[in-house]
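# Secondary and tertiary structure notes
Residue-level listing of the chains:
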Amino acid sequence: MLSRLLLAAALLLVGVPAFGATGEKHGTIPCAETATEIRAEVSNRNGLLLYNNGTVTIFHGQHNAAENRTLTAANGTPLLAGQIFIFEGGEMTGAYHCIVSSGSADLRWKETFK
């Protein structure tokens, strides 16, 4: 698992498509104290890699106020400073968000497509 994580991190840094993908996008998002969209809903997402380039913990997950799914620091998945989160598989096609308890954090992301 660790070697797979290190490989994914290396791929993120050099911009190589990962997860057997045919395309990819990458960027940076400033996560704030309100839910901030990382990536919008997309039907052909194959993988999502998140890297916390900040100094505070980021909480991430799906957020949809219309469906009463509100992302908060209390219910989000924590991503500690310097940590990487990797999602592989087509089940996670919905919009994805981040939030911090206080201040802001620099989140780097890479999304791959089928």
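Use the structure listed above.
Structure report, in brief. Residue positions are given per chain, counted from 1 along the sequence in the order it is written. Selection of residues for local features in this predicted model requires a pLDDT of at least 70, selection of side-chain atom pairs for listing and counting requires 80 or more, and totals for whole chains, interfaces and linings are taken over all residues. Side-chain metrics rest on all non-hydrogen atoms present in the structure, leaving aside hydrogens and water.

### Quick notes on the state of the cysteines
Going by this rule: Here, the term disulfide refers to a pair of cysteine sulfur atoms separated by no more than 2.5 Å. Under the DSSP-based scheme used, a helix requires at least four consecutive residues in state H or I and a strand at least two consecutive residues in state E, with every element numbered from the N terminus. Working definition: with a 1.4 Å probe on protein chains only, accessible area under 20% of the residue-type maximum means buried, over 50% means exposed, and in between means partly exposed.
Scanning the model with the defined rule gives 1 disulfide in all. Two residues share a disulfide in this structure: Cys 31 and Cys 98, whose sulfurs sit 2.1 Å from each other. Taking the torsion about the S-S bond as the criterion, the Cys 31 to Cys 98 disulfide, at about -105°, is left-handed. Highlighted residues: Cys 31 in strand 1 (residues 23-31) and Cys 98 in strand 7 (residues 96-100), separated in sequence by 67 residues. Of the residues examined, Cys 98 reaches a relative accessible area of 0% and is grouped as buried.

### Regarding the pattern of salt bridges
Pairing between side chains becomes possible if they bear opposite charge and their charged atoms approach one another. Our working rule: What makes a salt bridge here is a side-chain nitrogen of Lys or Arg within 4 Å of a carboxyl oxygen of Asp or Glu, nothing more.
For the structure shown, the criterion picks out 3 salt bridges. Glu 111 serves as the salt-bridge partner of Arg 39, at 3.0 Å between the closest nitrogen and oxygen. Separated by 72 residues along the polypeptide, Arg 39 in strand 2 (residues 36-39) and Glu 111 in strand 8 (residues 105-113) bring together distant segments of the chain. Owing to a relative accessible area of 18%, Arg 39 belongs among the buried residues under this scheme. Where Arg 45 meets Glu 111, a salt bridge forms, and the shortest distance between an N and an O atom there is 2.7 Å. Taken together, the positions of Arg 45 in strand 3 (residues 45-52) and Glu 111 in strand 8 put the pair 66 residues apart, joining distant regions of the chain. Glu 111 shares its class with Arg 45; the two are buried. Taken together, the shared-partner salt bridges in this structure form one network comprising Arg 39, Arg 45 and Glu 111.

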